[in-house]
Amino acid sequence: MDRVYNFSAGPATLPEEVLQRAREEMLDWHGSGMSVMEMSHRSKWFEEIIKQAEADLRELMNIPSNYKVLFLQGGAWTQFAMVPLNLMKKGKADYVNSGYWSKKAIGEARKFGKVNVVASSEDANFSYIPELYPETFSKDADYFYITTNNTIYGTRYTKLPDTGNVPLVADMSSNILSEVYDVTKFGLIFAGAQKNMGPAGVVVVIVREDLIAEVNPEVPTMLQYKVHAENNSLFNTPPCYSIYVCGLVFQWLKKLGGVPEMQKINEEKAKILYDFIDNSNMFKGTAKKEDRSLMNVTFITGNKDLDAKFVKEAEEHGLVNLKGHRSVGGMRASIYNAMPVEGVKKLVEFMKEFETRNKIEV
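As the structure is a prediction and not an experimental result, all values here were calculated from the model.

*Asks:* Describe the UniProt feature "modified residue: N6-(pyridoxal phosphate)lysine" (unreviewed entry) in the chain, and please don't skip the residues or the numbers.
*Replies:* As annotated in UniProt, the feature "modified residue: N6-(pyridoxal phosphate)lysine" (unreviewed entry) corresponds to Lys 195 in the numbering used here. Within the fold, Lys 195 resides in the loop between strand S9 (188–192) and strand S10 (203–208). By relative accessible area, Lys 195 is classed as buried at 15%. For Lys 195, the residues in contact, after removing those within four places along its chain, are Ala 9, Gly 10, Ala 12, Thr 151, Ser 173, Ser 174 and Tyr 336. In terms of polar contacts, Lys 195 uses its side chain to reach the backbone carbonyl oxygen of Ala 9, at 2.9 Å.

Okay, here's the thing in structure tokens:
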């Protein structure tokens, strides 16, 4: 069976080169006589894997030495609680409500302290990034929280807020490594791996050391960043195989030319798809143009039956997982790093052909 073009929002498509390498090393990793799935996380072999993965990620994102890189479990959901548990020292934080996931993070943070929602785009079903006004920011906040890319609604921050001395915290789950970010602008970045880095099971946390130097001893041990940092992500058995595959993805990205080159490719892919949508008589984008995501392209026909027909026929043509999230409807094409330009071109070709065949139904 031929491989399909997988537009899933996550778990998402992986580079074929990475999958081939993982297959080659499945039974015997580098002469160890065993699979990475089988080896002890305390072994010299896995120590080499996790150290190399961290070194490659540091190189790709230009992460300074005063930031810790952690490979943890529990996904973004656990981070919604870990962030306030570890960083909310004075009991106050600013949040921007730009979508489903930021709303969930706000709900979790309110269990641990006061949350000031400085802006929201819920009034228009999160179809844009809300305007931010510094006068509404809390100068004494422990941190300022944003979601850099909104997977469900197809929006992204094109400009970071200036939060002064208040650490900026970002959920970067759906666009990490897709475009260049200055890590020094953030106090903490976290990202679930299953969209742009690897398989589900691991979440990466990049955090400035001074922010985790002290922690309330009542915070559960497994939820303390400090504990994981002091143990180099090996306090407990980590998701070894997921970390290994992330490491392969990091190496693939380096070979490609790093994040700047990846950003150029992502901008090219997004332009191909958005240009067609903007000139189509059938398909319409749902996100505000200036806030459009490079990773998740949301669009509709305006006819639910036609949307369903499109998704079904696209699947028959090897273009899968294009159904939009229930809160937006229509379609969503997630074109993460591993989605090749050819996949986007094939999608546009099918959209053109579908529009020609179904003009009468619009």
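*Asks:* Before we move on, could you go through the layout of surface pockets and cite the residues and values that matter?
*Replies:* By volume, the largest pocket is sized at about 370 Å³. Around the largest pocket, the lining comprises 17 residues; the ones closest to its centre are Ile 129, Pro 130, Glu 131, Leu 132 and Lys 159. Split by residue class, the lining of the largest pocket holds nine nonpolar, one polar and seven charged. Here the lining of the largest pocket spans two domains, since at least three of its residues come from each of domain 1 (16–256) and domain 2 (258–357).

*Asks:* Run through the packing of aromatic side chains, naming residues and quoting values.
*Replies:* Counting across every chain of the model gives 20 aromatic pairs. Where Tyr 145 meets Phe 190, the ring centres are 6.3 Å apart and the plane angle is 45 degrees; that geometry is what we call tilted. Taken together, the positions of Tyr 145 in strand S5 (residues 144–147) and Phe 190 in strand S9 put the pair 45 residues apart, joining distant regions of the chain. Note on Phe 190: relative accessible area 0%, which makes it buried. Each ring, one from Phe 283 and one from Phe 310, has its centre 5.3 Å from the other, and the planes form 65 degrees; the classification is edge-to-face. Of this pair, Phe 283 sits in the loop between helix H7 (258–278) and strand S11 (284–285) while Phe 310 sits in helix H8 (residues 304–316), and the two are 27 residues apart along the sequence. A relative accessible area of 0% means that Phe 283 is categorised as buried. Classification of Phe 310 by relative accessible area gives buried; the value is 0%.

*Asks:* An account of the side chain of Ser 102 is needed here, citing residue identities and associated values.
*Replies:* Considering the arrangement of structural elements, one finds Ser 102 in helix H4 (residues 100–109). A polar side-chain atom of Ser 102 sits 3.2 Å from a polar atom in the side chain of Asn 97. Polar contacts involving the side chain of Ser 102 include one to the main-chain amide nitrogen of Ser 98, which spans 2.9 Å. Beyond its immediate chain neighbours, meaning those up to four positions away, Ser 102 contacts Val 96, Asn 97 and Thr 147.

*Asks:* Tell me what's going on with H8, and back it up with residues and numbers.
*Replies:* End to end, H8 covers 19 Å across 13 residues, agreeing with the expected 18 Å (1.5 Å per residue, within 8%). The inward-facing, buried residues of H8 abut strand S12 (296–300), strand S13 (319–320), strand S14 (331–334) and helix H9 (341–357). Its side-chain oxygen 2.9 Å from the backbone nitrogen of Asp 305, Asn 303 forms the N-cap of H8. Phi turns positive one or two residues past the end of H8, at Gly 318, with a value near 80 degrees.

Cut-offs and rules
- Counting from 1, residues in each chain are numbered in the order their sequence is written.
- Selection of residues for local features in this predicted model requires a pLDDT of at least 70, selection of side-chain atom pairs for listing and counting requires 80 or more, and totals for whole chains, interfaces and linings are taken over all residues.
- Side-chain measures were taken over the full set of non-hydrogen atoms in the model, leaving aside hydrogen atoms and water.
- UniProt positions are given in the numbering used here, feature names are shortened, and annotations may be inferred rather than shown by experiment.
- A run of H or I in DSSP becomes a helix once it reaches four residues, and a run of E becomes a strand once it reaches two; helices and strands are each numbered from the N terminus.
- For every residue, the accessible area (1.4 Å probe, protein chains only) is compared with the maximum for its type, and the residue is labelled buried under 20%, exposed over 50%, or partly exposed between those bounds.
- Two residues qualify as a contact provided that any one of their heavy atoms is within 4.5 Å of a heavy atom in the partner residue.
- Two N or O atoms count as a polar contact when they lie within 3.5 Å, although within protein this holds only if one can serve as hydrogen donor and the other as acceptor, and sequence-adjacent residues are included solely when both atoms are side-chain atoms.
- Only protein atoms enter the 1 Å grid used here. Points where a 1.4 Å probe fits but cannot escape make up a cavity, open sets with protein on both sides within 12 Å along at least five of seven lines make up a pocket, and a residue lines them when an atom lies within 4 Å of a point.
- Grid points are joined across faces, edges and corners, and a volume is the space filled by probe spheres set on the points.
- Only Asp, Glu, Lys and Arg are considered charged in this grouping, and only Ala, Val, Leu, Ile, Met, Phe, Trp, Tyr, Cys and Pro are considered nonpolar; every other residue, Gly among them, is considered polar.
- Where a domain begins and ends is set by an automatic assignment or by a domain database.
- The criterion for an aromatic pair is that two Phe, Tyr or Trp rings (for Trp, the six-membered ring) have centres within 6.5 Å, with stacked assigned to planes under 30 degrees apart, edge-to-face to planes over 60 apart and tilted to the rest.
- Multiplying 1.5 Å by the helix residue count minus one yields the expected span of that helix.

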